[in-house]
Amino acid sequence: MREAALSINARPWAEVTLDGKPVGQTPIANLNVSLGSHQLVFRHPDLGERQQTVTVTARTPNRVAVDLTR
């Protein structure tokens, strides 16, 4: 299975799950994930939850950032 690095950030911060599995609190740098489409969920205790789909490719950098204040 081919993988690539994915960096994830949120404003302010958020707890992140990738395909239903917790991966930690933002910022998250260079998380190795398989190529293809993945479902991210960002959770913040005051700002709620935001879902986003990301497609990870072999071309780098793969980055995702969300602004939970909007």
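Here, the structure is the one placed above.
All values derive from a computational prediction rather than experimental measurement.

## Section: the side chain of histidine 44
Mapping histidine 44 onto the fold places it in strand β5 (residues 36-44). Within the structure, the side chain of histidine 44 is placed 3.3 Å from the backbone nitrogen of leucine 47, a separation counted as a polar contact. Filtering out sequence-adjacent residues up to four positions away, histidine 44 remains in contact with Pro12, Trp13 and Leu68.

## Side note on the sheet that holds strand β6 (residues 48-56)
The antiparallel open sheet is built from four strands, whose spatial order is β3-β2-β5-β6. Both outer strands of the open sheet, β3 (21-25) and β6, are each paired with one neighbouring strand and no more. Neighbouring strand axes in the sheet, compared pairwise and without regard to direction, differ in orientation by 25° on average. Here four bridges tie strand β2 (residues 15-18) to β5, and the two strands are oriented antiparallel to one another. When the sheet's bridge partners are listed, glutamate 15 is paired in β5 with arginine 43.

Cut-off values and rules
Residues numbered from 1 in each chain as written. Predicted model: local features only at pLDDT ≥ 70, side-chain atom pairs only at ≥ 80, totals over all residues. Heavy atoms only, no water. Helix = DSSP H or I, 4+ residues; strand = E, 2+ residues; numbered from the N terminus. Polar contact = N/O pair within 3.5 Å; in protein donor to acceptor, adjacent residues only side chain to side chain. Contact = heavy atoms within 4.5 Å. Pairing = 2+ DSSP bridges. Axes fitted to C-alpha atoms, helices over the stretch in contact; angles between N-to-C directions.

Honestly, that's just the spatial picture; any functional story needs more than this.
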